[in-house]
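One-letter residues, chain by chain:
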2 protein chains.
Amino acid sequence: MEEIRKAQLIEATIAMIHEEGFTNASISKISKRAGLSSGIVAHYFSDKSGLLTATQQHLMRVLGEETKSQLLHARTPMERLLAIVNSNFSDDQFKPGVVNVWLAFWALVPTSPDLARLHRINERRMQSNLQHALKPLLPAEKVASTATGLAAMVEGLWIRCALTKGGVTPKQAISIMESYINSQILVNQD
Amino acid sequence: MEEIRKAQLIEATIAMIHEEGFTNASISKISKRAGLSSGIVAHYFSDKSGLLTATQQHLMRVLGEETKSQLLHARTPMERLLAIVNSNFSDDQFKPGVVNVWLAFWALVPTSPDLARLHRINERRMQSNLQHALKPLLPAEKVASTATGLAAMVEGLWIRCALTKGGVTPKQAISIMESYINSQILVNQD
DNA sequence: TTATTTTGATTGAACGTTCAATCAAAATAA
DNA sequence: TTATTTTGATTGAACGTTCAATCAAAATAA
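The structure presented is a predicted model; accordingly, all values stated were derived computationally and were not measured.

Asks: What's the story with the overall build of chain A in this structure? I'm lost.
Replies: Counting its regular elements, chain A contains 9 helices and 0 strands. When the elements of chain A are put in sequence order from the N terminus, they spell out α-α-α-α-α-α-α-α-α. Long-range contacts, defined as pairs at least 24 residues apart, comprise 62% of the intrachain contacts of chain A with a sequence gap of at least 6. Of the roughly 9,100 Å² of accessible surface on chain A, 52% is carried by carbon and sulfur atoms. Charged side chains of chain A number 20 positive and 17 negative; the gap between the two group centres comes to 2 Å.

Asks: Explanation requested: the domain arrangement of chain A in the structure shown.
Replies: Interfaces are often described in size by the accessible area the parts lose on coming together. All names here are of chain A. Segmenting chain A into domains produces domain 1 (1-46) and domain 2 (59-187). The straight-line distance from the C-alpha centre of domain 1 to that of domain 2 is 28 Å. Taken residue by residue, the interface counts 4 residues in domain 1 and 8 residues in domain 2. Carbon and sulfur atoms supply 86% of the area buried between domain 1 and domain 2, which totals about 520 Å² over both sides. The three residues of domain 1 that bury the most area against domain 2 are Ile14, His18 and Phe22, which together make up 76% of that side's buried surface. Linking domain 1 to domain 2 there are 0 salt bridges. Our count for the domain 1 to domain 2 interface comes out at 1 residue pair in polar contact (both at pLDDT 80 or more). Tallied by class, the residues present in the side of domain 1 that touches domain 2 amount to 3 nonpolar, 1 polar and no charged.

Asks: Even after reading the chapter, I still don't get a positive patch on the surface, so can you show me in this structure?
Replies: Together, Arg117(A), Arg120(A), Arg124(A) and Lys165(B) make up a region of like positive charge exposed at the surface. Note on placement: Arg124(A) falls in helix α7 (residues 113-134). Judged by relative accessible area, Arg124(A) falls into the exposed class, the value being 60%.

Asks: Please clarify how the interface of chain B and chain A should be interpreted in this entry.
Replies: The partner chain A presents 37 residues to the 37 residues of chain B that form the contact. Both faces combined, the contact of chain B with chain A buries some 3,100 Å², and carbon together with sulfur accounts for 67% of it. Looking only at chain B, the three residues that lose the most surface to chain A are Glu123(B), Arg160(B) and Leu163(B), adding up to 19% of its buried area. In this structure, the connection of chain B to chain A is made through 2 salt bridges. Linking Arg160(B) and Glu123(A) is a salt bridge whose minimum nitrogen-to-oxygen distance equals 3.5 Å. Counting every contact that joins chain B to chain A gives 9 residue pairs in polar contact (both at pLDDT 80 or more). Put simply, the parts of the chain that give the side of chain B that touches chain A at least two residues each are α6 (96-108), α7 (113-134), α8 (140-163) and α9 (170-187) of chain B. Examining the composition of the side of chain B that touches chain A, we find that 12 residues originate from one element, α8(B), more than from any other.

What counts, and where the lines are drawn
Residues numbered from 1 in each chain as written. Chains lettered and ligands numbered in written order. Predicted model: local features only at pLDDT ≥ 70, side-chain atom pairs only at ≥ 80, totals over all residues. Heavy atoms only, no water. Helix = DSSP H or I, 4+ residues; strand = E, 2+ residues; numbered from the N terminus. Contact = heavy atoms within 4.5 Å. Areas by Shrake-Rupley, 256 points an atom, 1.4 Å probe, with all protein chains shown as cover. Lys, Arg positive; Asp, Glu negative; His and termini not counted. Charge placed at Lys NZ, Arg CZ, Asp CG, Glu CD. Domains from an automatic or database assignment. Buried area = accessible area lost by both parts, 1.4 Å probe. Salt bridge = Lys/Arg side-chain N within 4 Å of Asp/Glu carboxyl O. Polar contact = N/O pair within 3.5 Å; in protein donor to acceptor, adjacent residues only side chain to side chain. Nonpolar A, V, L, I, M, F, W, Y, C, P; charged D, E, K, R; others polar. Patch = residues over 30% accessible without salt bridge, like charges linked within 9 Å, V, L, I, M, F, W, Y side chains within 5 Å. Buried < 20%, exposed > 50% of the residue type's maximum accessible area, 1.4 Å probe, protein only.

Shown next as structure tokens:
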């Protein structure tokens, strides 16, 4: 029961943030949308910020599982890199509700220790995944900085895909990142 | 008088968003911080969203002037590229208030047509600046995509510098972007 | 004087939180 | 079995607070 309710409320939170924006997603609207009463949020998440933290945690878990599942089928280092990149640009990651929650999340990181913690976890996981995949492809001293550059590109291109309709498509974004990876490998081999 | 007051209020907005976060920056706190009364905001900006739009516009103008000024001293195409990159990573761009306003700005773009407009303007200016600088360095068909990739890296690395203390430094960020530029040039020349 | 700027009290809506009350289901007792 | 007790999920009204917006009045400038 508890897990069902939590899932309902998290889903309703994403939907409301999508429909009315982060600022207008109130507890009463969210709970009504979930078909539940307003008091239930306090019962399961103690307060509003608990609900928002849980919602972001949920999105990070979804992304993490998508990455893990794509990594399963990857055989070569290059396939592993593309698996990581692709999982960040899957359709799931561009559902409008998801986009708005991630953007609100970043905006709240500077003032919420809980969210700052989540942010750090997410960044480290990405960095570690990329470094592991890059290790066989680059000289040791280039691995970390290239991983950081690629992680930044993932973030920056994702934001552009998400915010600018009529701008870069996920397909173009992936090709730009492939070009970055390939040129870094090419330049560093000899 | 009007310009003085507007500047005071914008500065107070940035300060309050820094000190208490975007969510808690109310009109009364902002105006008190500026040493003025609460009604004055409506007088000069018509409403709160007008004040926020003007604040973001101000930050974009500051960044634009920083870029323009750095471009003045650039002689070669490569110097022009680095001027653009450097202006995005100057100390001014990492003042905590400035960081929080930019992050809140992105979060509000999906629900505010005014801010979406500002966002598009900013993105186009960056893209155009980068393309102009890259044109002499790359084959024509590579210019646009490399500019997009570089713009994304600027954004992504800036977020990392801003949000993750103890993470990437602006200096490292710039070196990562230089490496991207150089490898793209090298790979594409023959 | 007249026009402009500024104040700050006031309004009313919206919000997050709290909590006593409800109720179906499960556990226990007879 | 049937009756009673207990649990825990859930409700929804009430509370105090905060907020953006309004506006008449005061202050200031021209």
